[in-house]
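Breakdown of the fold
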Amino acid sequence: MATRTIYLISARNSSFQRAHFSIFVPSATSPDRGTKIHAVGAPMAGYVLEFKRNYNPSLDPHDQIFAIGQIHSSNIVDSPDAAPSIDSTPPREDRTSGNANPDPGDQSELHGTCQ
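Description of the structure in this document. For clarity, every value in this text was computed on a predicted model and none was experimentally measured.

**Comments concerning the pairing of strand 3 (residues 34–42)**
- As judged from the four bridges shared by strand 2 (residues 20–26) and strand 3, these two strands associate in the antiparallel manner. Its bridge partner being in strand 3, Pro-26 is matched across the sheet by Gly-34.
- Here strand 3 runs beside strand 4 (residues 46–55); their pairing, made up of eight bridges, is antiparallel. What sits directly across from Gly-41, in strand 4, is Tyr-47.

See the structure below:
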């Protein structure tokens, strides 16, 4: 069975900020584009899982890209069109391990108790 390499992207806006991590899954037909999966939000407002489809990592600044493993191609659903898009819906809910655990949500109650 054919496999595809999955990548970890590490990025930060400035050197004093912590890195933001995302997963990049290259397209089978165009490996320079694919799907970027990451969490967006803030501790006080909560987080959501975001899918950037037809994403090209060479167009965004980032620190490094690391190959982190292989996955069977049968577990990947490529975007049906070439237009870039952003959504929060996995293509196959039953096969998305990134959606297995809920996002942390609103963490504001935790900040009030820490001294």
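**Side note on the environment of Ser-30**
- Among the structural elements, Ser-30 can be located in the loop between strand 2 and strand 3.
- Judged by relative accessible area, Ser-30 falls into the buried class, the value being 15%.
- Taking C-alpha positions, Ser-30 is 9.2 Å from Asn-54, a pair spaced 24 residues apart along the chain.
- Engagement of the side chain of Ser-30 in a polar contact is seen with the side chain of Asp-32, the distance being 2.6 Å.

**Topic: the sheet that holds strand 1 (residues 3–11)**
- Spatial ordering of the open sheet is given by 5-1-2-3-4-6, a layout of six strands whose pairing is antiparallel. Sheet topology places strand 5 (64–72) and strand 6 (85–87) at the edges, where each strand pairs with a single neighbour. For this sheet the average axis-to-axis angle between neighbouring strands, irrespective of direction, equals 25°.
- Relative to strand 2, strand 1 is paired through five bridges, and the arrangement is antiparallel. By the bridge assignment for strand 2, Tyr-7 is matched with Phe-24.

What counts, and where the lines are drawn
- Residues numbered from 1 in each chain as written.
- Predicted model: local features only at pLDDT ≥ 70, side-chain atom pairs only at ≥ 80, totals over all residues.
- Heavy atoms only, no water.
- Pairing = 2+ DSSP bridges.
- Helix = DSSP H or I, 4+ residues; strand = E, 2+ residues; numbered from the N terminus.
- Buried < 20%, exposed > 50% of the residue type's maximum accessible area, 1.4 Å probe, protein only.
- Polar contact = N/O pair within 3.5 Å; in protein donor to acceptor, adjacent residues only side chain to side chain.
- Axes fitted to C-alpha atoms, helices over the stretch in contact; angles between N-to-C directions.

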